[in-house]
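The primary structure of each chain is shown beneath.
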Amino acid sequence: MKMLQLIAGRVSSLVARRATLALTTSSARMASHAPDPEVTEAVDMSRPMYWDRLDTPLPDKLYKDELSAAEKSLKEKEKGPWSQLTNEEKIALYRLSFHQTYAEMNQPKSEWKTVVGGIFFFVGFTALVVWWQRVYVYPPRPRTFDDEWQAKQLQRMLDMRINPIEGFSSKWDYEKGQWK
């Protein structure tokens, strides 16, 4: 009777684990094949892409591909003499081709703040773990580390005249009761 209970318990736990695995795997599989374009956007890495990089002054592709009507008319105006373009139009044409200027790319980034914050977080977490270990894991300090105990131990060693030729007993004046 007891043997049947053990076998039934093991079989039921095995069936429950398999069912849980099948349900979670199928739901994860369904989520990975969802038609939502925000989640599953595939990028074709074989086609030219736009990059703002200091070492590549002319990217393979322009910054904006799809142009509005105003931008298309500006591109047509670009084909004429540039002396007829205003500064704002020249800047707008530049922004159609490039996202950032060299000056904007050279501006200091604030990534160092994230790095320093991460370092402080992990140092703080480590300090918390060390404190927890001192309080809950390590045993209390032995009484032999106390200053009173060590003073008594030193006096006992002097009274026993431990190592009187080269040790610290040789540096004790027994007649005056002080260090030489």
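Residues numbered from 1 in each chain as written. Predicted model: local features only at pLDDT ≥ 70, side-chain atom pairs only at ≥ 80, totals over all residues. Heavy atoms only, no water.

For the chain, the name recorded in an unreviewed UniProt entry is Cytochrome c oxidase subunit 4, with Gasterosteus aculeatus aculeatus as its organism. Quoted verbatim from the Subcellular location (unreviewed entry) field of UniProt, the annotation for the chain is "Mitochondrion inner membrane". (UniProt positions renumbered as here; feature names shortened; annotations may be inferred.)

Caption draft 1: Molecular detail of the packing of aromatic side chains. By the definition in use, this model includes five aromatic pairs. Ring plane angle 40 degrees and centroid distance 6.2 Å describe the contact between W132 and Y136, whose orientation is recorded as tilted. Taken as a pair, W132 and Y136 lie in helix α5 (residues 111-137) at a separation of four residues, close to a single helical turn. Above the ring of Y174, the side-chain terminus of R161 is found at 3.8 Å from the ring centroid. (Phe/Tyr/Trp six-rings, centres within 6.5 Å; stacked < 30°, edge-to-face > 60°. Helix = DSSP H or I, 4+ residues; strand = E, 2+ residues; numbered from the N terminus. Lys NZ or Arg CZ within 6 Å of the ring centre and 35° of its normal.)

Caption draft 2: Just the UniProt feature "transmembrane region" (unreviewed entry) in the chain, in detail. Taken from the UniProt record, the annotation "transmembrane region" (unreviewed entry) applies to residues 115-133. The span residues 115-133 carries 100% helix and 0% strand; its end-to-end C-alpha distance comes to 27 Å.

Caption draft 3: A look at a nonpolar patch on the surface. A cluster of nonpolar side chains, namely F121, F122, F125, L128, V129, W131, W132, V135, Y136, V137 and Y138, defines an oily patch on the protein surface of about 1,200 Å² accessible area. The class for F122 is exposed, based on a relative accessible area of 56%. (Patch = residues over 30% accessible without salt bridge, like charges linked within 9 Å, V, L, I, M, F, W, Y side chains within 5 Å. Areas by Shrake-Rupley, 256 points an atom, 1.4 Å probe, with all protein chains shown as cover. Salt bridge = Lys/Arg side-chain N within 4 Å of Asp/Glu carboxyl O. Buried < 20%, exposed > 50% of the residue type's maximum accessible area, 1.4 Å probe, protein only.)

Caption draft 4: Expanded view of unusual backbone geometry. For R161, which is not glycine, the phi torsion reads 55 degrees and is therefore positive. Of note in the backbone geometry, N163 takes a positive phi value of approximately 50 degrees without being a glycine. Take N163: it is sitting in the loop between α6 (147-159) and β1 (172-173). Owing to a relative accessible area of 47%, N163 belongs among the partly exposed residues under this scheme.

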